[in-house]
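Report on the structure
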Amino acid sequence: MNAVQVVKCIDDQASREVRYWTPEDGRPEKTGQYRAVYGMRIDADRVGATRLLRPQGWTISLIVSDEVRTALSRLGATGVRFEEV
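Structure report, in brief. Predicted, not measured: the structure shown is a model, and the values here were computed from it.

Topic: the nonpolar core
Within soluble globular proteins, side chains that are nonpolar generally end up buried alongside one another. Counting residues in hydrophobic clusters, the biggest one holds 11 residues: V7, C9, I10, Y34, V37, M40, I42, V47, L53, W58 and I63. Leaving out residues up to four positions away in the same chain, Y34 has contacts with I10, D12, V18, R19, Y20, W21, Q56, G57 and W58.

Looking at the sheet that holds strand β4 (residues 52-55)
Taken in spatial order, the 3 strands line up as β1-β4-β5 in an open sheet, and their pairing is mixed. Two strands in the sheet have a free side with no partner beyond their single neighbour: β1 (6-7) and β5 (63-64). In terms of strand pairing, β4 meets β5 through 2 bridges, oriented antiparallel. Directly across from L52, in β5, lies its bridge partner V64.

Quick look at the environment of S73
Mapping S73 onto the fold places it in helix α2 (residues 66-75). We classify S73 as partly exposed; its relative accessible area is 40%. As a C-alpha pair, S73 and R35 span 38 residues in sequence and 31 Å in three-dimensional space.

Reading the values: rules and limits
Residues numbered from 1 in each chain as written. Predicted model: local features only at pLDDT ≥ 70, side-chain atom pairs only at ≥ 80, totals over all residues. Heavy atoms only, no water. Core = buried A, V, L, I, M, F, W, Y, C linked by side-chain atoms within 4.5 Å. Buried < 20%, exposed > 50% of the residue type's maximum accessible area, 1.4 Å probe, protein only. Contact = heavy atoms within 4.5 Å. Pairing = 2+ DSSP bridges. Helix = DSSP H or I, 4+ residues; strand = E, 2+ residues; numbered from the N terminus.

If you want it as structure tokens, here you go:
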């Protein structure tokens, strides 16, 4: 799979905890960007019908639709962990 779509979809208020880089962190090029996202929740309205994406600002995560998750499970994909967001 190649996730080329990046969507601004993280719901900061619904997520358990969101941290941003601050000037005090000594990384001015990252100020205002996500530093950590715990218990991520996304805004489904922003995702729409997209089946495979990376959330803007936190591209370490790969978000897949339930349809894609089911297909991967049926194929016996290894090295993946699914968590509802």
